[in-house]
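Results of the structural survey
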Amino acid sequence: MAASASGDKAADDSLYPIAVLIDELKNEDIQLRLNSIKKLSTIALALGEERTRNELIPFLTESIYDEDEVLLALAEQLGNFIPLVGGPEYAMYLIPPLESLATVEETVVREKAVESLRTVAGQHSAQDLEVHLVPTLQRLVSGDWFTSRTSACGLFSVCYPRVSAAVKSELRINFRTLCQDETPMVRRAAAGKLGEFAKVVELEYLKSDLIPTFVQMAQDEQDSVRLLAVEACVSIAQLLPQDEVELNVMPTLRQCVNDNSWRVRYMVSEKLTDLQKAVGQEITKNDLVSAFQFLLKDSEAEVRASASAKVTEFCSNLDKACQEQIIMTSILPCVKELVADTNQHVKSALASVIMGLSPIVGRNNTIEHLLPLFLIQLKDEWPEVRLNIISTLDCINDVIGIQQLSQSLLPAIVELAEDSKWRVRLAIIEYMPLLAGQLGQEFFNQKLRDLCFNWLNDHVYAIREAATLNMKKIVQTFGTQWAETNIINQILVMCKNSNYLHRMTCLFCINALADVCGADIIERLFLPTIKVLSTDPVANVRFNVAKTLQKLSPFLDQAAIDEHVKPILEKLNTDTDVDVQYFASEAMVSSAGGYNP
């Protein structure tokens, strides 16, 4: 009787994980259902491989009706389930639930299910692939709902390389069928996978089956299909011998450059440098240069902005033998027009890359042709244009030296430094150490140092914080001797400011500079100022004194700690404010370790 009872208990225990899962998946609370899906691997481990295959997976397959969030989590989990069902030889058990998920209405769920099916397919043997996954693919291809047919498009490239010639032929026919589907969403999905499929199809069938399909899709009535055909251009061009690219790819590409939909032209622009590498130098010179000119002059600002952002990369990929000549005669005239474009995004995109032309065309061309363009952009009405030019100064500095630009640079920097938008001020602060290094100490001291001090007093905390880090980076550039002569005294004077926020900034600067200034300056200049601030009437300042001393202690020897640090901390430890006491006691514990060379 006892044995029977213990047997029943064991059976109950073994059923428990499934019972809990069923219970949680039926709960009204979506979060509870989501959590139960995320625990599936734990439940599968508890059940063991056989029961996972025979009970858990069928249960999940039957219960696929839930919120998209739950289904997405399930699709993701099942992709990692192969070890839990017993390894690759049992991977086919995961196909039914994933096939169901690949037909649901929500796109992200279908995409995740297809991604997991691709993972599962990779684990199948070639034989199992034909027996289990190919029929699944064919069911999806012939599904009544467009959702299953769109999902099918993502499985061809993982099945095709490992199946027999007869099945390959069927798959090519199936793919072409999807490319001609009456539903635009299906044709769009097929166009998106055309390049991927092209990479696994044999060259003879690429030419006979896929290239005619590609040409047809590039003429589709839907621009969303045509623009995806542009992506396939790159893959197909990479796969064909050079002489056949002209015949099979270029007519379609020329047509896309002149497409009446700006979205298609935009996609050509986005893929242009990839196409450039795929088609080779000869076709680039004969065809893509004129296509690029056309895109740089496009009527739509989005296309011009995309093309503008590619100027330097496109030029640097040109054949070195004719690079300079093509840039000066074909590209630069377009660039000159874009500098004065009516759209700020176009000018911004160009400003972020135009400096990169300088090393390509050399010193003389830079001074004669590019420098006037840089100067125009430095005076542009849009802060982002000026910022983008300043952020890439190192390119021109390497070619002609920054002194040529410095007089024009200064007004632009000053305007950005005082811009009413704090994010613009923040951006120029980040470039200041780079500028300091390029312009040198003398120029910095005369023209830029005061700007750095103004930022320390800015009314926006993020600016003051960035300005303290900026000071540290500039000291790293110019050295501690320069710092002592030029900035430290002005920083320490802030301890007397009537606004407690500026007194706090003084402490933050001391914190930031401690890393680069060393023990001598800390002991000689920083500690007397900290002592003054330790009696500040504002508690926030006093507890920041404690935090600052904790930061400085590792840089000091024991004698300096005993003489200067401990007396201040002991006094703060008896402060009337509890926060000051807390941070003082923390600092005392930390500084008790003494000198840490």
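As recorded in an unreviewed UniProt entry, the protein goes by the name Protein phosphatase PP2A regulatory subunit A, listed as coming from Anopheles epiroticus. As recorded by UniProt, the Sequence similarities (unreviewed entry) comment attached to the protein reads in full: "Belongs to the phosphatase 2A regulatory subunit A family."

One pass over the full model with this rule turns up twelve aromatic pairs. Look at phenylalanine 156 and phenylalanine 197: their rings are 5.6 Å apart centre to centre, the planes differ by 55°, and that puts the pair in the tilted class. Here phenylalanine 156, found in helix H11 (residues 156–159), pairs with phenylalanine 197, found in helix H13 (residues 184–198); they are 41 residues apart in sequence, far enough to count as distant. Exposure class is identical for phenylalanine 156 and phenylalanine 197. Each is buried. Connected via pairs of aromatic rings, a cluster forms that spans Phe156, Tyr160, Phe175 and Phe197. Directly above the ring of tyrosine 205 sits arginine 172, whose terminal nitrogen or CZ lies 3.5 Å from the centroid.

Let's shift gears to the pattern of salt bridges. Counted according to the given criterion, the structure contains 28 salt bridges. Between glutamate 244 and lysine 207 there is a salt bridge, with its nearest N and O atoms 3.0 Å apart. Linking glutamate 244 in helix H16 (residues 242–248) with lysine 207 in helix H14 (residues 203–217), this pair joins segments that are 37 residues apart in sequence. Judged by its relative accessible area of 33%, lysine 207 falls in the partly exposed class. With its nearest N and O atoms 3.0 Å apart, the salt bridge here joins arginine 263 to aspartate 223.

Let us now look at the nonpolar core. In this structure, Phe81, Val311 and Phe526 are the most contacted members of the largest nonpolar core, which totals 203 residues. Ranked by residues supplied to this core, first place goes to helix H28 (residues 422–456) with 17 residues. When residues no more than four places from it in sequence are discounted, the contact partners of valine 311 are Phe292, Leu296, Ile331, Val335, Leu350, Val353 and Leu357.

Definitions and cut-offs
- For every chain, the first residue of the written sequence is number 1, and numbering continues from 1 along that sequence.
- Owing to the predicted nature of the model, reporting of local features is limited to residues with pLDDT of at least 70; listing and counting of side-chain atom pairs is limited to 80 or more, with chain, interface and lining totals taken over all residues.
- For the side-chain quantities, the full set of heavy atoms in the structure was used; hydrogens and water were omitted.
- UniProt positions are given in the numbering used here, feature names are shortened, and annotations may be inferred rather than shown by experiment.
- Any pair of Phe, Tyr and Trp rings, taking the six-membered ring for Trp, is counted once the centres come within 6.5 Å. Such a pair is stacked with planes under 30 degrees apart, edge-to-face with planes over 60 apart, and tilted for the rest.
- A run of H or I in DSSP counts as a helix once it spans at least four residues, and a run of E counts as a strand once it spans at least two, with each numbered from the N terminus.
- Between buried and exposed lies partly exposed: a residue is buried under 20% and exposed over 50% of the maximum accessible area for its type, with that area taken using a 1.4 Å probe on protein chains only.
- The rule is short: NZ of Lys or CZ of Arg within 6 Å of the ring centre and within 35 degrees of the ring normal puts a charge over the ring.
- Salt bridges are identified by distance alone: a Lys or Arg side-chain nitrogen within 4 Å of an Asp or Glu carboxyl oxygen.
- To form a nonpolar core, buried Ala, Val, Leu, Ile, Met, Phe, Trp, Tyr and Cys residues must be joined to one another through side-chain atoms within 4.5 Å.
- By definition, residues are in contact when any of their heavy atoms lie within 4.5 Å.

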